[in-house]
Amino acid sequence: RLSCVRSNVWIASCGVVSAGLAVLSSFGLLLFCGVPFVVTVANAPFLILGVGVDDMFIIIASWEHSLRNKEKSDVKSLLAETYAEAALSVTITTLTDVLAFFIGTWTAFPSVGSFCLYTGTAFVFCYIYTMTFLGAIVVLNHKREQGNRHWLTCMPVKVDKDQAEKSCLYNACCIGSCSKQSSQSEGEHPMSIFFKKYYGPFFTNKWIKLLVVLLYGAYLGGSIYGCTQIREGIDLRNLARDDSYVIPYYDDEQKYFSAYGPRVMVVITESVDYCNETVRLGIENCIQNLE
């Protein structure tokens with residue numbers, strides 16, 4: 001928002017901090033427990049950040065919806081109504097993510113199992129911080145708004161006679177408006193108006209609903225066909241960088257030696273008297289049998 005009072009800069013910042021705290025807590029706990037840290041785990045913070053920010057938006061939207069309910073004005077009722085609406089969505093999202101990653105810990109690949117364990121634990125902490133830390137920040141921000149205080153300086157924002165003589169830039173930074181009037185009182189958010197008045201009625205049209213069903217049917221059919229084309233295995237060439245020396249090696253191997261099949265090596269684990277002709281003939285016969 002352009003309002004210097006209604007702006008939710010601190011909530012947005014603390015939402016990111018909440019995800020960071022979840023990463024630090026989960027990584028610290030698992031490292032303390034001696035769980036191996038592999039390089040793939042370094043990608044986990046980006047997943048946690050995405051889910052944490054998504055949960056933050058859900059809570060803010062529910063809070064704004066509760067504020068528009070004039071029957072409940074005290075903080076406890078507002079927060080209770082916010083959690084009643086947002087907590088279910090956040091809980092289901094977290095539960096499915098945690099379940100998916102904890103199932104991934106059963107894999108036979110230790111690196112993948114470690115990544116899933118770190119990420120799943122981070123989701124648990126992200127949920128805890130979202131339900132506690134972020135909720136407290138929302139309440140503190142609400143108290144700041146009730147006091148009509150600036151989002152950055154927390155100083156009271158008011159319009160007086162001297163302020164009418166200030167420049168437009170000064171008024172925009174201090175009261176959020178160039179019209180010399182405080183923008184504390186705001187209506188519904190423009191994004192909510194768009195979805196309520198335009199997006200929703202558009203998709204509730206019977207012809208649009210029919211089109212959506214047809215498109216989803218086509219998408220579902222394509223997805224099922226794509227699943228039938230999946231083949232197990234992995235191309236080692238895709239694990240290296242495009243400019244790696246390994247790429248030409250795999251290309252040449254595929255081009256010149258693919259017809260000969262895999263390489264077979266014979267390892268003799270005991271001492272062998274290679275001077276004995278009979279022993280050498282036995283080794284040669286073994287190799288011929290393998291060929």
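What you see is a predicted model; the values in this text were computed from it and never measured.

Enquirer: When you look at the UniProt feature "transmembrane region" (unreviewed entry) in the chain in this model, what are you seeing that I'm missing?
Expert: What UniProt calls "transmembrane region" (unreviewed entry) maps, in this numbering, to residues 9–38, 44–63, 83–109, 115–140 and 207–226. Between the first and last C-alpha atoms of residues 9–38 the distance is 35 Å; the span itself is 80% helix and 0% strand.

Enquirer: Could you clarify how one ought to interpret the packing of aromatic side chains in this entry?
Expert: In this description, a pair of aromatic rings is defined by centroid distance and the angle of the planes. According to the stated counting rule, one finds 13 aromatic pairs in the structure shown. Taking the centre distance of 5.3 Å and the plane angle of 70° together, the rings of F194 and F195 count as edge-to-face. Since its relative accessible area comes to 39%, F194 is described here as partly exposed. With a relative accessible area of 39%, F195 lands in the partly exposed category. An aromatic cluster is built from F194, F195, Y198, Y199, F202 and F203, whose rings are joined through pairwise contacts.

Enquirer: Which parts of the structure should I look at to understand the packing of helix α3 (residues 75–104) against helix α4 (residues 110–146)?
Expert: A packed helix pair is summarised by two numbers, namely the angle formed by the two axes and the spacing between the axes. It is the contact of α3 with α4, at a shortest axis distance of 9 Å, that shows an interaxial angle of 175°. Here α4 runs roughly antiparallel to α3, going by the angle between their axes. For the contact of α3 with α4, the per-class residue count stands at 17 nonpolar, eleven polar and one charged.

Enquirer: Help me understand the pattern of salt bridges in this model?
Expert: Any two side chains of opposite charge can pair, so long as their charged atoms come close to each other. Scanning the model with the defined rule gives two salt bridges in all. Residue D251 pairs with R237 through a salt bridge whose shortest N-O separation is 2.8 Å. Remark: R237 occurs in the loop between α7 (206–228) and α8 (246–256) and D251 occurs in helix α8; sequence separation between them is 14 residues. You can call R237 partly exposed: its relative accessible area is 31%. Linking D243 and R241 is a salt bridge whose minimum nitrogen-to-oxygen distance equals 3.2 Å. Accessibility expressed as a relative area gives 59% for D243, which makes it exposed.

Cut-offs used in this document
- Residues numbered from 1 in each chain as written.
- Predicted model: local features only at pLDDT ≥ 70, side-chain atom pairs only at ≥ 80, totals over all residues.
- Heavy atoms only, no water.
- UniProt positions renumbered as here; feature names shortened; annotations may be inferred.
- Helix = DSSP H or I, 4+ residues; strand = E, 2+ residues; numbered from the N terminus.
- Phe/Tyr/Trp six-rings, centres within 6.5 Å; stacked < 30°, edge-to-face > 60°.
- Buried < 20%, exposed > 50% of the residue type's maximum accessible area, 1.4 Å probe, protein only.
- Axes fitted to C-alpha atoms, helices over the stretch in contact; angles between N-to-C directions.
- Parallel < 35°, antiparallel > 145°, perpendicular 65-115°, else oblique.
- Nonpolar A, V, L, I, M, F, W, Y, C, P; charged D, E, K, R; others polar.
- Salt bridge = Lys/Arg side-chain N within 4 Å of Asp/Glu carboxyl O.

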